There are 8 protein chains.
Amino acid sequence: MKQNQRGNTMRYTVYLSGEIHTDWREKIKTAISEKNLPIDILTPNTDHGSSDDCGTNILGAEEKHFWKDNKAAKINSIRHMTAIKRADIVVVRFGDKYKQWNAAFDAGIATALGKSLIVEHAEEITHPLKEVDAAAMAVAENTEQVIEILEYLSRDY
Amino acid sequence: MKQNQRGNTMRYTVYLSGEIHTDWREKIKTAISEKNLPIDILTPNTDHGSSDDCGTNILGAEEKHFWKDNKAAKINSIRHMTAIKRADIVVVRFGDKYKQWNAAFDAGIATALGKSLIVEHAEEITHPLKEVDAAAMAVAENTEQVIEILEYLSRDY
Amino acid sequence: MKQNQRGNTMRYTVYLSGEIHTDWREKIKTAISEKNLPIDILTPNTDHGSSDDCGTNILGAEEKHFWKDNKAAKINSIRHMTAIKRADIVVVRFGDKYKQWNAAFDAGIATALGKSLIVEHAEEITHPLKEVDAAAMAVAENTEQVIEILEYLSRDY
Amino acid sequence: MKQNQRGNTMRYTVYLSGEIHTDWREKIKTAISEKNLPIDILTPNTDHGSSDDCGTNILGAEEKHFWKDNKAAKINSIRHMTAIKRADIVVVRFGDKYKQWNAAFDAGIATALGKSLIVEHAEEITHPLKEVDAAAMAVAENTEQVIEILEYLSRDY
Amino acid sequence: MKQNQRGNTMRYTVYLSGEIHTDWREKIKTAISEKNLPIDILTPNTDHGSSDDCGTNILGAEEKHFWKDNKAAKINSIRHMTAIKRADIVVVRFGDKYKQWNAAFDAGIATALGKSLIVEHAEEITHPLKEVDAAAMAVAENTEQVIEILEYLSRDY
Amino acid sequence: MKQNQRGNTMRYTVYLSGEIHTDWREKIKTAISEKNLPIDILTPNTDHGSSDDCGTNILGAEEKHFWKDNKAAKINSIRHMTAIKRADIVVVRFGDKYKQWNAAFDAGIATALGKSLIVEHAEEITHPLKEVDAAAMAVAENTEQVIEILEYLSRDY
Amino acid sequence: MKQNQRGNTMRYTVYLSGEIHTDWREKIKTAISEKNLPIDILTPNTDHGSSDDCGTNILGAEEKHFWKDNKAAKINSIRHMTAIKRADIVVVRFGDKYKQWNAAFDAGIATALGKSLIVEHAEEITHPLKEVDAAAMAVAENTEQVIEILEYLSRDY
Amino acid sequence: MKQNQRGNTMRYTVYLSGEIHTDWREKIKTAISEKNLPIDILTPNTDHGSSDDCGTNILGAEEKHFWKDNKAAKINSIRHMTAIKRADIVVVRFGDKYKQWNAAFDAGIATALGKSLIVEHAEEITHPLKEVDAAAMAVAENTEQVIEILEYLSRDY
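These figures come from a predicted structure and were not determined experimentally.

Just to check I follow, could you spell out the packing of helix α6 (residues 143-153) of chain B against helix α3 (residues 65-86) of chain C for this structure?
Between two packed helices, what matters for the description is the angle formed by their axes and the separation of those axes. Put simply, α6(B) and α3(C) touch, their axes get as near as 10 Å, and they point 50° apart. Considering their axes alone, α6(B) and α3(C) lie oblique with respect to each other. Here α6(B) and α3(C) pass one another in a crossing that is right-handed. In this structure, α6(B) contributes B:I149, B:Y152 and B:L153 to the contact, and α3(C) contributes C:I75, C:N76, C:I78 and C:R79. When the residues that make up the contact of α6(B) with α3(C) are grouped by side-chain class, the tally is five nonpolar, one polar and one charged.

The structure is reproduced here in C-alpha cells:
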C-alpha cells in the first residue's frame, strides 16, 4: 500500500470545528505534515479573545452584551460557513468544559450540507451527544483515532 | 387588520424543537387554537422515556450504551428531519437544564436548509448561544414572545 | 377559451412585493376575485407602522436605531422568505417615492431562487432599474398590465 | 498570530458589488496586496460608460431606451452572476448618490445563494437598508472596516 | 389489478409540451377522464395567435420583430417554467412541421431539473432527435402509446 | 399518548421499495389501515410479469434482451423516481432470493436525495449489505419491526 | 483598461455548443489566444462521423437505427453534461441547416442549471428561436459579436 | 484529431466503483498513463481486509458482527461520498461473484447526484441489472470498452 503517490488523486479538505482550549488541532496538523497526507486543513479562529471581541473591535462598541456577541458571531460565521462548505470532512471535537453549542450547531450545518462528519468526544458524554453521533460517519474517543481515520482514508490504491 | 380571512393564503408550518421538560409547546398550541392562527405545528417525540428507548424496544437490546443511544437517535432523526424539511419556521427552545446539544444540532440543520429560525432562551445563556442566535431571525426570552411573533406573522393584509 | 375549468389544473401562487403606499395589491386581489382566477396571493405586512416597530414591540426596546430596524427586518424576513419560496411568480412594484431597496432586494432573492419575476414601474425609472428589469419575465408600466398578464397565464386550454 | 502561512489553507474569493463612483475597490485591493491576504477579488465593470453602452455597442443600436438598457444589463449580468456564484463573500457598498437598486438586487442574489454578505453604507441610510442589513454578516460604515474584517478572517491559526 | 383505489396514493402531474397543431393533448385528457387516471394535466397556451401576440397586446407594441417575440416568449415562459417545475413527468411531442426548437428547449429544461421525460415523434426524425431521446424514459411513436404508459404507471398495487 | 389527533399534523409519505415476492407490503398497508396511521404508501409495480414486459408490450418488440429490459426499466423508473422524490421515508426490503440490485440502487438514490432510509433484511446478509445499512436510519429484521417504527413515528404529542 | 492582469482574477469557462459544420469555434479560440483572454473553452466532439458512430464502434453493432443513435447520443452526453456543468457561459450557435434540436436541448439544460446563455443565429430564424432567445443573456447575429462580448466580459478593472 | 493539447481544457474526474477482486482498475490507470489522457482517477479502498476491519481496528472491537460492519462501512463511506461528489463520471463494474449490493448502491447515489454513469458487466447478468443499466450512459461488457469510451471522450477538437 503506497501513500499519496502519482496515479491516485484522492485528496480531502477537512474543517476542524469545536473545542479550542487544547492542542488537538496541532496534533492533527503535525501528523498530516509528518505523514505527508494529501489533506488540507481549515480551522476557525482559535484565539478566544479576538473571536469574542472582533465585532466590537472592528465595527464599534455595544452597550448590550447581546449585540456585542451578535456582531462577533456573525463575522466569525463568514469563516465557519466558508470552511464547512469547502470541506469534504468536518471534524467536531467536544471537550469536557463549556456549553459548546456552537460545536453542535456546526455539526448540524455539516450534516444538512451532506458533509462527512467525524465526532470526537469522551465516552461519558455519549448520551447527550447521541443525535450528533447518529449523524456521524465515525465517533472517536481521542484525537489519535481521528488521525488514524484520516491516514486510512488517504491510502493510495 | 383581519386575521386569516379569505383573500390571504399566508400559512406557516412550524417545527417546535428543543427542550421537552416544560409545557412551552402546549402554550403555543393553545394560543394557535384560541387565536385561530393559520399555523400547523410539528413536534418531536416529547416523551423522554420512549424517545430514549425506542431503538432497543423495537429493534432489539444492546449491551453497549453507545449502540442503544445510536439506534434510538437514528429512529428519532426520521421524525426530526421530516419535520424540519417540511417547516417554514423552526423554533428552538433552550432550557436551563441538560446539555441540549440536540437543540443546537437542529438549529444548525434548520439554518443550512434555509429555514427561518426562532430561538428562545433566558438572557443568562446569551454568550454560549451567540452562534445560534446569530443565525436566528428572532431571539425570544420567553414563549409569550414566540407566540406574539407567530401571531404578528399571521396577520392578514 | 375557458377559464379555470375542470381538466386544467394550472394554478399560480403569486407574491406581491414592493411598494406599500398605494392600493395596487387590492386592485389585483379584486380582479382575481371578480375574474375567478386560479391564483393564490401572498403579501408582506403592508401596515407601515407595525412593520417598522414589530421588533421592539415584541422583543423589547433598543436605544440604537440600527438594532430597532434590525430586529424588525429580521422578523419580517420570516414572512418574506416563506412567501417568496412558496411563490411561482413574484411581482415587485416600484413606486415614485422612497429608496425601495427592499423591493430590489426581494427581486434579487426571487431571481436567484428561480422564481418568475414581474416588475412594475413607471417608464422614468427604467435606467436605474435595468438590472432588475433584465431578470424579469415582464416589465409592466401599471397594475392593469400585471392583471392582464395574470389573467392571460390562467387561461384554460 | 501568523498570516497566510503554510499549514493553513483558508482562502476567500470576494466580489465587490455596488457603488462605482469612488475608489473603494482600489483601497481594498491595495490593502490585500500590501498585507498579502489570501483573497481573490472579483469586480463588476466599473467603467460607467462602457457598462451602459455595451449592449448597443456590440449587438446593434436600439431606438427605445428600454431595450438599450436591457441589452447592456443582460450582458453585464453574465459577469455579475459568474462572480457572485464563485464568491465566498459578497461586499456591497451603498454610496450617497443614485438609486443603486442594482446593489440591493445583487445583495438579494447573494443572500439567496447562501453567500456571506458584508454591507457598507453611511449611518444615515440605515432605515431604508434595514432588510439588506438584516441579511448581512457585517454592516460597516466605511471601507477601512471592511478591510479590517477581511484581514481578521484571513488570520492563520 | 385495481386502478386508483384507496390504499394507493400514487398520483402524477404531467406537463404536455411541444407541438400545438393537432389534438394530441385532447386525446390524452379524454383518456385520463374516461379511465379515471390519477393524473393532473398541465399545458402551455395552445392558442397560436394569443401565444405569439401576448407580449405586445398586453405590454405595448414593438417595431422590431425580435422584441415582439421576446416579450411574448418571456410571458409564456412563466407558464412553462411553473408547469415543468410542478410536473413529475414532461411529455414532449415533435410533429412533422415547424422548427420546434421550443419543444427541444423544454426537454432540456425538464432533463436538467430531473423530471421524467417522455418523447413522442415519428420514426423518421429519430436521428436529429437522438440527444433528446437519449434523455427520455420512453420514446413513443404515437399518442396512444403515451396514454398506455400513463395508464400503466397509474396502476394500483 | 394519542395517535393522529387534531393538533398534530405530522404525516409521512412512505415508499416501499425492494422485494416483490412476499406480502410484506400488504402487511404494512393493513397495519396502517387498522391503526389509522397518518401515512401514505407508495409502491412500485409489484406484478413481476407486467413489470418485465411493459416496454415491449407498449412500445414494440425487441430482438435483444438488453433492449427489452432497457425499455421496461426506463418506464418503471418514472414511477420509482416520482415515488422516491415524494417520499419522506423509503423502506427497502431485501429477500432471500434474486440479485436485488434494483433494491440497493433505490437505496442509493434515496440516500443521495436525503430521504430517511429504513432497511429490512435477515441477519445472514448483514455483511454484503453493510454499505446500505450504514446509510439507514433503521435496520429491521422483519416487517413487524418496520410497522412498529412507523407506528412509533406517528405518535401524537 | 487592462486585460487579465494581476489583481483581477475574473476568469470564465465557456462551452461552445451547437452547429458543427463551420469554423466558428476556431474563430473564437483564435481570438481568445490572440487577445490573451482569461477564458477556458470546452467543446463537444465536432467530428460528425465519430460522433454518430461512437456507440456502435465501441459497444457493438445494432440493427435498429434507433439503438445505434441511442448508444452514441448517450456516450456523447457524458461530454456535454460535464462541459455544461463546468461552464460559466454556454454559447449555442444555430446554423442554417439541419434540425439542430440538440442545440436547443443544450440551451434548455444550460438555462435550467443557471448558466449564462449566449445564442448566435441569423435574424431570419428569430421567430422559432424566441423561447431560446428569451432565456439568453445575449443574442448575437455572428461570431464576431460573440467574441466582442467575451472580450468585454474579460476586461480588468 | 489531437489529444489533450493546449486550447482544449476538457478534463474528467472518474471514480472507479464496484468489484475489487480483479485488476480492472490497474488496466484503466495504465491506459490513462500510456495514452496520456486528461483524466484523474479516484478509487475506493481496494484492499478487502483493511476495508472490512477499519472500523474495529481504529475505533475499537465490537462483539456483534453488525456493529463491526457498521463502523467499517461508515468510515469507508467518507471516501466513497467524497469521490462520487467530486467525479464527473462514475464507472461501476459488476463481477461474477459476491452480492455486490454496494456497487448498485453507489450507482444509485451517482445517478441521484447527476453524475454520468458507466456500467461494466457480463451479458449474463443483464436482466437483474436492468434498472442500473437504464440509468447508465454506457453499458460495457469489458474494461477495454470502458477505456475506449474514456479515450473517445478525451479527444481534443
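Having seen the structure, we can now continue with the description.
What am I meant to see in the interface of chain A and chain B here?
Bring the parts together and some accessible area is lost; that lost area is often taken as the interface size. Taken together, the 31 residues of chain A in the interface contact 31 residues of chain B. Note on chain A versus chain B: buried area summed over both sides is about 3,000 Å², and carbon and sulfur give 73% of it. Among the residues of chain A in contact with chain B, A:W101, A:F105 and A:E131 are the three that bury the most area, contributing 26% of the side total. Counting across the chain A and chain B interface gives two salt bridges. The residue A:K130 makes a salt bridge to B:D52 at a minimum N-O spacing of 3.6 Å. Counting the contacts that link chain A with chain B gives six residue pairs in polar contact (both at pLDDT 80 or more). At the level of secondary structure, the elements contributing two or more residues to the side of chain A that touches chain B comprise α3 (65-86), α4 (101-112) and α5 (130-134) of chain A. Per element, the largest residue contribution to the side of chain A that touches chain B is nine residues, and it comes from α4(A). By residue class, the composition of the side of chain A that touches chain B is 17 nonpolar, seven polar and seven charged.

What's the story with the pairing of strand β2 (residues 12-18) of chain G in this structure? I'm lost.
The side chains of a regular strand alternate between the sheet's two faces. Residue and element names in this part refer to chain G. By the criterion of burial, β2 is predominantly enclosed, with seven of the seven residues buried. Direction of pairing for β2 relative to strand β3 (residues 39-42): parallel, over a ladder of four bridges. Residue pairing in the sheet places Y12 in a bridge with I39 of β3. For the crossover from β2 across helix α1 (residues 24-35) to β3, the handedness is right-handed. Both β2 and strand β4 (residues 89-93) contribute to a ladder of five bridges, which runs parallel. Bridge assignment links V14 to a residue of β4, and that residue is I89.

Where do I start with the domain arrangement of chain A in this structure?
All names here are of chain A. The assigned domain composition of chain A is domain 1 (24-39 + 88-96 + 116-157) and domain 2 (43-86). Computed from C-alpha coordinates alone, the two centres of domain 1 and domain 2 are separated by 25 Å. Of the roughly 310 Å² buried between domain 1 and domain 2 on both sides combined, carbon and sulfur atoms contribute 66%. The tally of links between domain 1 and domain 2 comes to zero salt bridges. Across the contact surface, domain 1 and domain 2 share zero residue pairs in polar contact (both at pLDDT 80 or more). Taken together, the residues that form the side of domain 1 that touches domain 2 break down as one nonpolar, no polar and three charged.

I'm lost on unusual backbone geometry in this one. Help?
For residues besides glycine, phi is generally negative; the peptide bonds are generally trans as well. Its identity is not glycine, yet B:N36 carries a phi of approximately 55°, on the positive side. Inspection of the secondary structure puts B:N36 in the loop between α1 (24-35) and β3 (39-42).

Can you walk me through the sheet that holds strand β3 (residues 39-42) of chain A in this structure?
The strands making up a sheet associate through hydrogen bonds between their backbones, and the pairing can be parallel or antiparallel. As summarised here, the arrangement of the five strands in space is β3-β2-β4-β5-β6 (chain A), forming an open sheet in which the pairing is parallel. Both edges of this open sheet fall to β3 and β6 (138-140) of chain A, since each of them pairs with a single strand only. On average, each strand axis in the sheet is inclined to that of its neighbour by 20°, with strand direction left out of account. Contacting β2 (12-18), β4 (89-93), β5 (116-120) and β6 of chain A, helix α3 (residues 65-86) of chain H crosses the sheet at an angle of about 125° to β2(A).

I keep staring at the interface of chain F and chain G and nothing clicks. Help me out?
If you look at the interface, chain F gives seven residues, while chain G gives seven residues. Between chain F and chain G, a total of about 570 Å² is buried, with carbon and sulfur atoms accounting for 42% of that surface. At the boundary of chain F with chain G, the tally comes to two salt bridges. As a salt-bridge pair, F:K64 and G:E62 come within 3.2 Å of each other at their nearest N and O atoms. At the junction of chain F with chain G, the criterion picks out six residue pairs in polar contact (both at pLDDT 80 or more). For the side of chain F that touches chain G, the residue count by class is two nonpolar, one polar and four charged.

Which parts of the structure should I look at to understand α4(A)?
Because an α-helix packs 3.6 residues into every turn, residues spaced three or four apart end up facing the same way. Residue and element names in this part refer to chain A. The end-to-end C-alpha distance of α4 is 17 Å, a good match for the 16 Å that 12 residues give at a rise of 1.5 Å each. Of all the 12 residues making up α4, nine are buried; the element is thus mostly covered by neighbouring parts of the structure. Of the residues making up α4, those classed as buried are W101, A103, A104, F105, D106, A107, G108, I109 and A110. Within two residues after α4, G114 carries a phi angle of roughly 75°, on the positive side.

Honestly, the relation of the copies chain A and chain B in this entry has me stumped. Any pointers?
Mapping between the two chain copies consists of a rotation about an axis together with a translation along that axis. Mapping chain A onto chain B leaves a residual RMSD of 0.0 Å; the transformation is a rotation of 180° accompanied by 0.0 Å of translation along its axis. In the structure described here, the two chain copies are related by an operation that fits a two-fold rotation axis. A shared interface surface links the copies, since 100% of the contact residues of chain A are contact residues in chain B too.

I keep staring at the relation of the copies chain F and chain G and nothing clicks. Help me out?
Placing chain F over chain G gives an RMSD of 0.0 Å and needs a rotation angle of 180°, together with 0.0 Å of translation along the axis. Interface overlap between copies: 100% of the residues of chain F at the interface are likewise at the interface in chain G, consistent with a symmetric, same-surface contact.

Looking at this model, I keep getting lost on the nonpolar core. Mind explaining?
A general feature of soluble globular proteins is that nonpolar side chains tend to end up buried together. In this structure, F:F94, F:L117 and H:F94 are the most contacted members of the largest nonpolar core, which totals 105 residues. With near-sequence residues (within four places) excluded, F:F94 lies in contact with F:Q100, F:A103, F:A104, F:V119, F:E120, F:H121, F:I125, F:L129, F:V132 and H:W101.

What is the right way to look at a negative patch on the surface in this model?
Taken together, A:D96, A:E123, A:E124 and A:E141 make up a surface patch of like negative charges. Take A:D96: its relative accessible area is 75%, and that puts it in the exposed class.

Would you mind going over the pattern of salt bridges with me for this structure?
Any two side chains of opposite charge can pair, on the condition that their charged atoms come close. All names here are of chain A. Going through the model one piece at a time under the given rule, you end up with 91 salt bridges over all chains. Linking K27 and E144 is a salt bridge whose minimum nitrogen-to-oxygen distance equals 3.7 Å. Of this pair, K27 sits in helix α1 (residues 24-35) while E144 sits in helix α6 (residues 143-153); the two residues are 117 residues apart in sequence, bridging distant segments of the chain. The exposure class assigned to K27 is partly exposed, which follows from its relative accessible area of 35%. For E144, a relative accessible area of 41% puts it in the partly exposed group. In this structure, a network of salt bridges that share partners links the residues E19, R93 and E120.

Rules and cut-offs
Residues numbered from 1 in each chain as written. Chains lettered and ligands numbered in written order. Predicted model: local features only at pLDDT ≥ 70, side-chain atom pairs only at ≥ 80, totals over all residues. Heavy atoms only, no water. Axes fitted to C-alpha atoms, helices over the stretch in contact; angles between N-to-C directions. Helix = DSSP H or I, 4+ residues; strand = E, 2+ residues; numbered from the N terminus. Parallel < 35°, antiparallel > 145°, perpendicular 65-115°, else oblique. Left-handed = near helix turned anticlockwise from the far one by under 90°. Contact = heavy atoms within 4.5 Å. Nonpolar A, V, L, I, M, F, W, Y, C, P; charged D, E, K, R; others polar. Buried area = accessible area lost by both parts, 1.4 Å probe. Salt bridge = Lys/Arg side-chain N within 4 Å of Asp/Glu carboxyl O. Polar contact = N/O pair within 3.5 Å; in protein donor to acceptor, adjacent residues only side chain to side chain. Buried < 20%, exposed > 50% of the residue type's maximum accessible area, 1.4 Å probe, protein only. Pairing = 2+ DSSP bridges. Right-handed = clockwise from strand over helix to strand, strands pointing away. Domains from an automatic or database assignment. Expected span 1.5 Å × (residues − 1). Least-squares fit on C-alpha atoms with pLDDT ≥ 70 in both. Core = buried A, V, L, I, M, F, W, Y, C linked by side-chain atoms within 4.5 Å. Patch = residues over 30% accessible without salt bridge, like charges linked within 9 Å, V, L, I, M, F, W, Y side chains within 5 Å. Areas by Shrake-Rupley, 256 points an atom, 1.4 Å probe, with all protein chains shown as cover. Lys, Arg positive; Asp, Glu negative; His and termini not counted. Charge placed at Lys NZ, Arg CZ, Asp CG, Glu CD.

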